[in-house]
Amino acid sequence: MTNKEEYRRICEDASNQIPIYSQYWWMDAVCSGKEWDVIISRKEDGTIQATLPYLVCKKFGFKFTLMPPLTQTNGIHYFYPNLKDEREKLEFEKSVGNDVVRQLEQKGLTLFLQNFAPEVTNWLPFFWNGYTQTTRYTYVIDDLNDTERVFEKFTSAKQRQIRKAQKNKLQTAINALTPSEFYAYHKQLIEKQGKKEEIAENVFLTLATRALERNQGAILSITGEQGETQAALFLVWDQTTCYYLVPANDRKYSTTGAATLLVWEAIKFARERSKKFDFEGSMTESIENSYNQFGTRQTAYMQIRKGYNLAGKIWLYKHQ
């Protein structure tokens, strides 16, 4: 059995709680047309200790790992045994992390770059082996149980926008847009801004179709009285977190409150499916300000990097 075949079995066991971005089906979708593989750390008796899925890119004879499209985090996922205290947890992470790094070093990579999930806070085994770390941020609502309390934490400006949108009788629909229709809408709005659509159509359609089939994704949309789409959003979720993955807000309707209402409806929708709501990471000041107005907690996660040879080190230097 190959590592990928074993990893499929690991992911199919819901008790393992593999995050959605590292799930077998997710990696298959977002790495469409490319290779991906997984490192598995095992004890001598075969017990799984950790996994690390990764995209394999090849160009000009070099092999390297970058983040797959539409994927906020990958990185290491630990399978903790029964541990007595924090010291045992750290010892486990150091031992298993060293094994994962050892296997990575044998892959013949030019470059490694991955974002680790916020839950991973100990990167010492990577540091000891010459990897570097950059802190990035995402914005999270930690508890969706009481949506009234969530709403109370919104700024007064966001609350007013939602009430205005409701007064204007804007309507919310779930999966009224197909993946193809959503992609066309998103692309149209991006191009209206004079930008190029960066999400490959085949990747998005494959991912969205599989997420909807698995009941781990949905397309929400806001329409006006004439049936015009004013904003839309592709959401995905796992047992723990619902992710604000691909928003599409028409600036033509920036004063109607549609974009803010869409977030509020997404949060209420997420409450029935997950525990937390993650706005996805951004280091852009204006985006940070907007997400912060929804009463979020700024949450750090790590980007782990290493250039294994001169070419990899040059690439990292140019993309700092």
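The preceding data block contains the structure.
Summarised in this report is the structure supplied together with it. Just so you know, these numbers come straight off a predicted model, no measurement behind them.

1. Points about unusual backbone geometry
Of note in this structure, L70 is not a glycine but carries a positive phi near 60°. Positioned with a positive phi, N175 is a non-glycine residue whose angle comes to about 60°. If you trace the backbone, N175 turns up in the loop between β7 (171–174) and α7 (179–192).

2. A few points about the pairing of strand β2 (residues 48–59)
Within β2, ten of the twelve residues are buried, which leaves it mostly tucked inside the rest of the structure. As defined by bridge partners, strand β1 (residues 35–42) adjoins β2 across eight bridges and the pair is classed as antiparallel. When the sheet's bridge partners are listed, V38 is paired in β2 with P53. Where β1 folds back on β2, the antiparallel hairpin that results is connected by five residues, among which G46 adopts a positive phi of roughly 95°. Here β2 runs beside strand β4 (residues 77–78); their pairing, made up of two bridges, is antiparallel. Counted as the bridge partner of T51 is H77 from β4. If you look at the hairpin formed by β2 and strand β3 (residues 62–65), you'll find two residues sitting between the two strands, and F60 has a positive phi there, around 50°.

3. A few points about the packing of aromatic side chains
Two descriptors summarise a pair of aromatic rings, namely the distance from one centre to the other and the angle between the planes of the rings. Counted under the stated rule, the structure contains 28 aromatic pairs. Judged by centre distance (5.7 Å) and plane angle (70°), the ring pair of W25 and W26 falls under edge-to-face. Both residues of the pair, W25 and W26, belong to the buried class. Measuring from centroid to centroid gives 5.3 Å for F116 and F126, while their planes differ by 80°, and the two rings are edge-to-face. Of this pair, F116 sits in the loop between β5 (111–115) and α4 (124–128) while F126 sits in helix α4; the two residues are ten residues apart in sequence, bridging distant segments of the chain. Neither residue differs from the other here; F116 and F126 are each classed as buried. A connected cluster of aromatic rings, assembled from ring pairs, spans Y139, F151, F154, Y244, W264, F277, F279, Y291 and F294. Here the guanidinium or amino end of R273 rests over the ring plane of W237, the centre of that ring lying 5.8 Å away. Above the face of the F269 ring, R273 is positioned so that its terminal group lies 3.6 Å from the ring centre.

4. Concerning the environment of I141
Relative to the assigned elements, I141 resides in strand β6 (residues 132–141). Judged by its relative accessible area of 6%, I141 falls in the buried class. Spatially, the C-alpha atoms of I141 and T296 are 4.9 Å apart, while their sequence positions differ by 155 residues. Not counting residues within four places of it along the chain, the set of residues in contact with I141 comprises V150, I267, K276, F277, F279, F294 and T296.

5. Section: the packing of helix α6 (residues 156–167) against helix α9 (residues 258–271)
Packing of α6 against α9 brings their axes to within 8 Å, and their N-to-C directions diverge by 95°. Judged by the inter-axis angle, α6 sits roughly perpendicular to α9. For the pair formed by α6 and α9, the contact residues are K158, Q161, I162, A165 and Q166 on the first element and A258, T260, L261 and W264 on the second. Residue composition of the contact of α6 with α9, grouped by class: five nonpolar, three polar and one charged.

6. A word on α6
For α6, built from twelve residues, the straight-helix expectation of 16 Å at 1.5 Å per residue is met to within 8% by its first-to-last C-alpha distance of 16 Å. Taken together, the buried positions of α6 are K158, Q159, I162 and A165. The arc that holds the buried residues of α6, viewed along the axis, is 125°, so those residues lie on one side. Exposed side of α6, more than 90 degrees from the buried face: R160 and K167 are the residues found there. Tucked into the core, α6 has its buried residues touching α5 (147–152), α9 and α10 (285–292). Once α6 finishes, K169 follows within two positions and takes phi at roughly 60°, a positive value.

7. Points about the pattern of salt bridges
The full count for this structure, using the stated rule, is 13 salt bridges. Between E6 and R42 there is a salt bridge, with its nearest N and O atoms 2.5 Å apart. Of the two residues, E6 sits in helix α1 (residues 3–12) while R42 sits in strand β1, which places them 36 residues apart along the sequence. With relative accessibility at 33%, the residue R42 sits in the partly exposed group. For the salt bridge of K192 with D250, the shortest nitrogen-to-oxygen distance reads 3.5 Å. With K192 in helix α7 and D250 in the loop between β10 (241–249) and α9, this pair connects stretches of sequence that are 58 residues apart. Note on K192: relative accessible area 53%, which makes it exposed. Via salt bridges that share partners, E6, R9 and R42 belong to a single interconnected network.

Each value, and the rule that gives it
Residues numbered from 1 in each chain as written. Predicted model: local features only at pLDDT ≥ 70, side-chain atom pairs only at ≥ 80, totals over all residues. Heavy atoms only, no water. Helix = DSSP H or I, 4+ residues; strand = E, 2+ residues; numbered from the N terminus. Buried < 20%, exposed > 50% of the residue type's maximum accessible area, 1.4 Å probe, protein only. Pairing = 2+ DSSP bridges. Phe/Tyr/Trp six-rings, centres within 6.5 Å; stacked < 30°, edge-to-face > 60°. Lys NZ or Arg CZ within 6 Å of the ring centre and 35° of its normal. Contact = heavy atoms within 4.5 Å. Axes fitted to C-alpha atoms, helices over the stretch in contact; angles between N-to-C directions. Parallel < 35°, antiparallel > 145°, perpendicular 65-115°, else oblique. Nonpolar A, V, L, I, M, F, W, Y, C, P; charged D, E, K, R; others polar. Expected span 1.5 Å × (residues − 1). Arc of directions from axis to C-beta. Salt bridge = Lys/Arg side-chain N within 4 Å of Asp/Glu carboxyl O.

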